[in-house]
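Fold and contact review
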Amino acid sequence: MKDFSRDLSIEKKWKLHNTLTGSEIEVNARVYLNFDANAKYVAFYVPELSGATFPEAILMNNIEEILALPNTDVGVSSGFGVLPNDWIEGKDLNFTGRVFFYCERDPPDDAKTQLISEAATGGVRVIFRSNAYLKRRNEMEKPKAFISHDSRDKSSIAGPLAIQMQRFMCPVWYDEFSLKVGDSLREGIETGLKECSKCILILTPNFLTNNGWSKREYDSIFTRELVERQQVILPVWSDVDAAGVYEYSPILADRVAVNWSLGVEEVARRLVRALDT
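Quick look at the structure, then. (Residues numbered from 1 in each chain as written. Predicted model: local features only at pLDDT ≥ 70, side-chain atom pairs only at ≥ 80, totals over all residues. Heavy atoms only, no water.)

Strand order in the open sheet formed by 5 strands is 9-8-10-11-12, with parallel pairing between adjacent strands. Edge strands, defined here as strands with exactly one partner in the open sheet, are strand 9 (172-173) and strand 12 (258-259). Each of strand 8 (145-148), strand 10 (198-203) and strand 11 (233-237) touches helix 9 (residues 213-228); the most contacted strand, strand 10, lies at about 140° to it. Against the sheet, helix 12 (residues 264-276) touches strand 8, strand 10, strand 11 and strand 12, its axis set at about 170° to strand 11. (Pairing = 2+ DSSP bridges. Helix = DSSP H or I, 4+ residues; strand = E, 2+ residues; numbered from the N terminus. Contact = heavy atoms within 4.5 Å. Axes fitted to C-alpha atoms, helices over the stretch in contact; angles between N-to-C directions.)

See below:
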């Protein structure tokens, strides 16, 4: 199972002080709830913080407050309520002792080792997912999906989606992850299209009006479907409608798509589920 892809979550924003700039930077803290396993665990998404050498230690000091999130007025429960004990409250789930840190940089090894050791004495296992981890995983694992997109949608959709798929431990072919300086763009794309089991097609107004690389990629993907006689395309719609997609390709308009308006985490979660079937 991919990290977090099938569990519910509650999010809280934490503010960390940047000592260099005097500003505050937000960190996402989430409690993940697995009602089937009667368990909950924690994950932090830590951005690049130039003024904080090791903010993970600060976040660990607030772990009890994070775990209390399911106890808020909103609350989370599961069940159909047919019998008195059918309902399971999120606040009653057991903490597994797992804390994940997803970092946009590689924390110092000595600081990581110390934090892992200190947490272990309290029965908590700290797990780091940093750039080094993602790079090594990409080297060892074959990407499961090729992300086809218009370059104008890179920062707003394609990049965030690729990162979220990686957080769910689902390797993807994405140009910034899979190509290095000096590589042939054409050869890299052709290899990605051939090796990946599926192709995530990000359909936006930019994509539908692009007659360059995006169009070539779609033509290649469609040809692969014809040759292999299987459905390869997983469409993601953003600011497009059925009429516009139909005008671009009648076949695409018939495919069930996931809408970007659901948010990057939910979109990635549904794509991971589709790739696992």
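And the narrative resumes.
A separate point is the environment of Cys199. Checked against the element boundaries, Cys199 lands in strand 10. Residue classification places Cys199 among the buried residues on the basis of a relative accessible area of 0%. Distance in space between the C-alpha atoms of Cys199 and Val172 is 9.4 Å, their sequence separation being 27 residues. (Buried < 20%, exposed > 50% of the residue type's maximum accessible area, 1.4 Å probe, protein only.)

What follows concerns the packing of aromatic side chains. Evaluation of the coordinates by the stated rule reveals 10 aromatic pairs. Each residue in the set Phe44, Phe54, Phe101 and Phe128 is aromatic and connected to the rest through ring pairs, giving one cluster. Residue placement shows Lys112 over the ring face of Phe128; its charged tip is 5.7 Å from the ring centre. (Phe/Tyr/Trp six-rings, centres within 6.5 Å; stacked < 30°, edge-to-face > 60°. Lys NZ or Arg CZ within 6 Å of the ring centre and 35° of its normal.)

Note on placement: Arg30 falls in strand 2 (residues 24-34). Engagement of the side chain of Arg30 in a polar contact is seen with the side chain of Glu265, the distance being 3.1 Å. Among all residues touching Arg30, those that are not within four sequence positions of it are Ser9, Ile10, Glu11, Tyr41, Val42, Ala43, Tyr45 and Glu265. (Polar contact = N/O pair within 3.5 Å; in protein donor to acceptor, adjacent residues only side chain to side chain.)

Of note in the backbone geometry, Arg229 takes a positive phi value of approximately 55° without being a glycine. Along the chain, Arg229 falls in the loop between helix 9 and strand 11. With a phi angle near 60°, Asp239 is a residue other than glycine that sits in the positive phi range. By secondary structure assignment, the location of Asp239 is in the loop between strand 11 and helix 10 (242-248).

Next up on the list: the nonpolar core. Buried together is how nonpolar side chains tend to be arranged in soluble globular proteins. Counting residues in hydrophobic clusters, the biggest one holds 28 residues, and the most contacted among them are Val42, Phe44, Leu59, Met60, Ile66, Val99 and Phe101. Those elements giving two or more residues to this core turn out to be strand 1 (8-17), strand 2, strand 3 (39-46), helix 1 (55-60), helix 2 (63-67), strand 6 (94-103), helix 3 (109-121) and strand 7 (125-129). The element best represented in this core is strand 2, accounting for 4 residues. Excluding residues that lie within four positions of it along the chain, Phe44 makes contacts with Val27, Asn28, Ala29, Leu59, Ile63, Ile66, Val99, Phe100, Phe101 and Tyr102. (Core = buried A, V, L, I, M, F, W, Y, C linked by side-chain atoms within 4.5 Å.)

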